[in-house]
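Here is what each chain is made of, one letter per residue.
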Amino acid sequence: MGLDPVVAEVLACPQDKGPLYFVPANDLLYNPRLRKTYAVDGGIPVLLIDEATDADPASAAALDARIASGELIPTFQP
């Protein structure tokens, strides 16, 4: 379903308060600083610390590379 761009502009990680990166193919938000992912369910971000999952090292490296290439953009600029 995706994520409303207006909503995305105000999203921050509930744990470290930094920007997140939306990964549309997986319907998730990624925090590269903590290597945590948050689900997006039906277009609604599930930003509960207890429901975040740890990104495995290979997935985190792939997502970090997509961020470095500019493919994924942050929800906001700190």
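All of these numbers come straight from a predicted model, not from anything done at the bench.

### Considering helix α2 (residues 57–69)
Think of an α-helix as 3.6 residues a turn; residues three or four steps apart then line up on the same face.
In step 1: Here α2 contains 13 residues, and its C-alpha end-to-end distance of 18 Å stays within 8% of the 18 Å for a straight helix at 1.5 Å per residue.
In step 2: Next to the buried residues of α2 lie β1 (21–23) and β2 (28–31).
In step 3: Looking at where α2 begins, the residue whose side-chain oxygen comes 3.1 Å from the main-chain nitrogen of alanine 58 is aspartate 56.
In step 4: With its phi angle positive at about 90°, glycine 70 sits one or two positions after the end of α2.

### Quick word on unusual backbone geometry
In step 1: Despite not being glycine, aspartate 27 shows a phi value in the positive range, around 50°.
In step 2: In this fold, aspartate 27 is placed in the loop between β1 and β2.
In step 3: Within the chain, arginine 35 stands out as a residue other than glycine whose phi angle is a positive 55°.
In step 4: Tracing the chain through its elements places arginine 35 in the loop between β2 and β3 (36–41).

### Concerning the nonpolar core
In step 1: Grouped together as the largest cluster of nonpolar side chains are 10 residues: Leu3, Ala8, Leu11, Cys13, Leu20, Phe22, Leu29, Tyr38, Val40 and Ala52.
In step 2: Beyond its immediate stretch of four places on either side in the chain, cysteine 13 contacts Gly18, Leu20, Asn31, Arg33, Leu34 and Tyr38.

The rules we used
- Every chain's residues receive numbers from 1 upward, in the order its sequence appears when written.
- A pLDDT threshold of at least 70 governs which residues receive local features in this predicted model, and a stricter bar of 80 or more applies before side-chain atom pairs are shown or counted, although totals over entire chains, interfaces and linings include all residues.
- Computation of side-chain values covers all heavy atoms of the structure but excludes hydrogens and water.
- Secondary structure elements are defined from DSSP: runs of H or I of at least 4 residues count as helices, runs of E of at least 2 residues count as strands, and each element is numbered from the N terminus.
- Given the number of residues in a helix, its expected span is that number minus one, multiplied by 1.5 Å.
- By definition, residues are in contact when any of their heavy atoms lie within 4.5 Å.
- Residues adjacent in sequence count toward polar contacts only when both atoms are side-chain atoms; beyond that, a polar contact is any pair of N or O atoms within 3.5 Å, and within protein one must be able to donate a hydrogen and the other to accept it.
- By nonpolar core we mean a set of buried residues, namely Ala, Val, Leu, Ile, Met, Phe, Trp, Tyr and Cys, connected to one another through side-chain atoms within 4.5 Å.
- Per-residue accessibility, obtained with a 1.4 Å probe over protein chains only, is compared with the maximum for each type, and a residue is labelled buried under 20%, exposed over 50%, and partly exposed between these values.

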